[in-house]
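# A structural walkthrough
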Amino acid sequence: MAQQYVQVNVMQFPIGKTDIKLTPNLKERGVLRCHEHTSMLDQWKLTPKQIKLVEKAGFGYLRLLPAMSLDNALIAALVERWRRETNTFHLNVGELTITLEDVSLLLGLAIDGEPVIGPISAPSSVCEKLLGRVPEDLNGGMVKLTWLKEFFSECPEGASLEETERCTRAYLLYLVGSTIFSTTTGNKVPVMYLSLFEDFDKAGKFAWGAGALAFLYRALGNASLKSQSTISGCLTLVQCWSYSRLNVGQPRFNQEPDSNSFPFVLKWKGKSGSRTKCNVMSYRKALDSLNPCDVQWLPYKDLDCTAIPEDIKASLILRASRTMLLCFDKAERHLPDRCLRQFGMHQTIPKDVERWERKSRIVDHGVDLKGKMDLALKEWSERWVHIVDGGDVVADEGEYMQWYQKITRKYIGRVTSSLESEYQRTVTAMKEIANIADIVSAEGLDSYNRELLDEVKNIVHKCLTEQFEEIPNEKVKKKVGKGQRHLLDPFLVVDVWSGF
């Protein structure tokens with residue numbers, strides 16, 4: 001049967017005996033534009049009274065978030081491997097993801113408490129009540145970060161309690177709008193978060209870490225669509241998560257960074273090291289080539305545990321909770337059973353993922369979203385009940401990897417060469433050998449033959465990995481048939497990822 005090719009975004013994925021891969025007749029999207037605004041946070045001058053209020057509201061550690069230079073190419077390469085169905089990165093070594101543990105330890109945010117959700121009031125009335133003034137431009141219920149900074153970034157030492165609280169609420173809105181809830185607008189934050197800062201004691205009871213992760217999951221899912229060119233959410237978290245776990249793109253420090261400061265994101269603070277600039281193609285190939293030894297499965301194991309606050313330690317068991325995360329109109333699944341090795345557990349074949357319809361909910365003023373999120377709220381309320389257990393860490397994970405290799409795609413890169421027929425046949429043959437080797441069961445084989453089978457897999461997969469790079473744009477063009485146009489968006493091909 002002749003090979004057929006159609007244009008997709010950047011993914012390559014097998015369907016039966018027909019390979020669907022990227023051809024160079026259309027340009028792929030460029031590097032994602034990353035929206036985060038931590039660089040201006042240090043220009044806010046907080047008084048001691050304000051710092052106490054910030055800590056009471058649950059953001060004492062987040063305010064320490066360092067301004068980092070984002071590696072857009074690294075983030076874009078990771079986004080290409082993100083799956084919206086599972087909220088995980090699909091890599092050669094298996095699934096990995098950013099979990100509640102990462103949010104808690106890297107950012108110092110609470111992962112237990114009330115869900116980040118509340119009533120939606122008219123933006124102008126909320127600003128008048130809680131800030132004492134209303135911006136001229138409140139289109140879409142959003143306020144500009146520059147407006148907040150202009151009027152509230154310096155609170156006089158002798159200010160009244162009311163004025164101090166107003167300036168602190170403005171700072172908190174700026175803080176979440178430039179970090180965990182940053183939007184693709186670039187310089188705005190929804191006013192709806194402001195209502196959660198009316199009472200600082202109540203604000204400290206929210207699970208801000210769970211809300212931040214729900215927001216980030218949704219942002220990663222949106223950015224993974226071929227039509228998107230931007231990404232928001234806490235990208236410092238994404239980058240430092242990658243630095244902590246993957247041997248890809250890490251900065252080279254002139255001296256060993258301080259590993260005893262909390263939150264642990266401070267380990268990567270500043271520009272104390274240098275990193276060779278890489279493009280998306282280089283990162284794709286590096287991620288294609290990952291081996292288990294290139295993954296730091298337990299990055300926090302050797303860090304100073306005495307630096308972790310007791311309340312955060314007490315809630316860390318929720319890192320393995322199979323639950324629903326909420327942030328106002330966003331509800332996203334937290335599926336730790338798909339990445340148990342990140343908790344030092346044996347990875348088993350995970351449960352199927354129930355379909356969750358991501359609706360675009362219209363948020364009307366005066367509406368309490370809790371009435372519209374009953375099922376998600378119920379799952380969150382049962383978070384302590386659904387803690388997953390992976391069993392013995394030394395058990396054989398071969399069964400899981402055989403299952404995983406059938407439902408994932410291994411290579412994101414594109415085939416190099418002039419696509420001459422003989423070369424193409426060679427590549428096709430190697431891929432067929434790889435597919436056969438992956439589905440051959442090792443059950444019943446002695447240790448010698450198991451090693452031979454593993455060696456065949458490693459050799460073929462290594463050969464294939466070395467073939468994936470950029471193709472010159474003037475090379476071969478292929479046509480897309482009418483019946484294949486729905487395949488232009490790789491994320492519409494649900495059947496490819498069977499087993500979820």
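Small disclaimer: the values here were computed from a predicted structure and weren't measured. (Residues numbered from 1 in each chain as written. Predicted model: local features only at pLDDT ≥ 70, side-chain atom pairs only at ≥ 80, totals over all residues. Heavy atoms only, no water.)

## Things to note about the overall build of the protein
When helices and strands are counted, the protein shows 15 helices and 17 strands. Counting across all 500 residues of the protein, residues that qualify as buried make up 55%. Taking all contacts inside the protein whose residues are at least 6 apart in sequence as the whole, residues at least 24 apart take part in 79%. Of the roughly 22,800 Å² of accessible surface on the protein, a fraction of 50% belongs to carbon and sulfur atoms. (Helix = DSSP H or I, 4+ residues; strand = E, 2+ residues; numbered from the N terminus. Buried < 20%, exposed > 50% of the residue type's maximum accessible area, 1.4 Å probe, protein only. Contact = heavy atoms within 4.5 Å. Areas by Shrake-Rupley, 256 points an atom, 1.4 Å probe, with all protein chains shown as cover.)

## Digging into helix α13 (residues 398-407)
For α13, a buried count of seven out of 10 residues is recorded, marking the element as mostly surrounded by other parts of the structure. If you check which residues of α13 are buried, you get Y400, M401, Q402, W403, Y404, Q405 and I407.

## Side note on the confidence of the model for the protein
Close inspection of predicted coordinates is inappropriate for parts of the model with low pLDDT. Residues at a pLDDT of 70 or more form 77% of the protein, whose mean pLDDT is 80. With pLDDT under 50 throughout, residues 360-367 is counted as low confidence; its partners more than four residues away or in other chains account for 17 contacts. Within the model, pLDDT remains below 50 along residues 469-500, and this stretch shows 75 contacts once partners closer than five positions in the same chain are excluded. (pLDDT = per-residue confidence, 0-100.)

## Comments concerning the nonpolar core
Residues F59, L148, I180 and L246 are the most contacted members of the largest nonpolar core, which totals 116 residues. Counting residues per element, this core draws most heavily on helix α8 (residues 208-223), which supplies 10 residues. (Core = buried A, V, L, I, M, F, W, Y, C linked by side-chain atoms within 4.5 Å.)

## Describing the packing of aromatic side chains
Summed over the entire model, instances satisfying the criterion amount to 21 aromatic pairs. An angle of 55 degrees between the planes, with centres 5.1 Å apart, marks the rings of W44 and Y174 as tilted. Placement of W44 in the loop between β3 (33-34) and α1 (48-56) and of Y174 in helix α6 (residues 161-178) is noted, with a sequence separation of 130 residues between them. Considered together, W44 and Y174 belong to a single accessibility category, that of buried residues. (Phe/Tyr/Trp six-rings, centres within 6.5 Å; stacked < 30°, edge-to-face > 60°.)

## Concerning the pattern of salt bridges
Evaluation of the coordinates by the stated rule reveals 17 salt bridges. Between R245 and E101 there is a salt bridge, with its nearest N and O atoms 3.8 Å apart. Taken together, the residues span a long stretch of sequence, with R245 in helix α9 (residues 235-245) and E101 in helix α3 (residues 100-107) at a distance of 144 residues. The salt bridge involving D112 is made with R383; its shortest N-O contact spans 2.7 Å. (Salt bridge = Lys/Arg side-chain N within 4 Å of Asp/Glu carboxyl O.)

## Side note on unusual backbone geometry
F262 connects to P263 through a cis peptide bond whose omega is 0 degrees. As for its placement among the helices and strands, P263 is situated in the loop between β11 (252-253) and β12 (273-274). The backbone phi angle of F328 is positive, close to 55 degrees, even though this residue is not glycine. Within the fold, F328 resides in the loop between β13 (323-327) and β14 (330-334).

## What about the environment of R284?
Note that R284 resides in helix α10 (residues 280-288). Look at R284 and you get buried, because its relative accessible area is 3%. Taking C-alpha positions, R284 is 8.3 Å from Y411, a pair spaced 127 residues apart along the chain.

## Examining a nonpolar patch on the surface
On the surface, a cluster of nonpolar side chains totalling about 260 Å² of accessible area is made up of I436, I439 and V440. Note that V440 resides in the loop between α14 (421-439) and α15 (447-465). With a relative accessible area of 33%, V440 lands in the partly exposed category. (Patch = residues over 30% accessible without salt bridge, like charges linked within 9 Å, V, L, I, M, F, W, Y side chains within 5 Å.)

## Quick notes on the packing of helix α5 (residues 145-152) against α6
Contact geometry of α5 with α6 gives a least axis separation of 10 Å together with a crossing angle of 150 degrees. Taken together, the axes of α5 and α6 are roughly antiparallel relative to one another. Judged by the twist between their axes, the crossing of α5 over α6 is left-handed. Taken together, the residues of α6 that come into contact with α5 (itself represented by L145, L148, K149 and F152) are R166, C167, A170, L173, Y174, G177 and S178. (Axes fitted to C-alpha atoms, helices over the stretch in contact; angles between N-to-C directions. Parallel < 35°, antiparallel > 145°, perpendicular 65-115°, else oblique. Left-handed = near helix turned anticlockwise from the far one by under 90°.)

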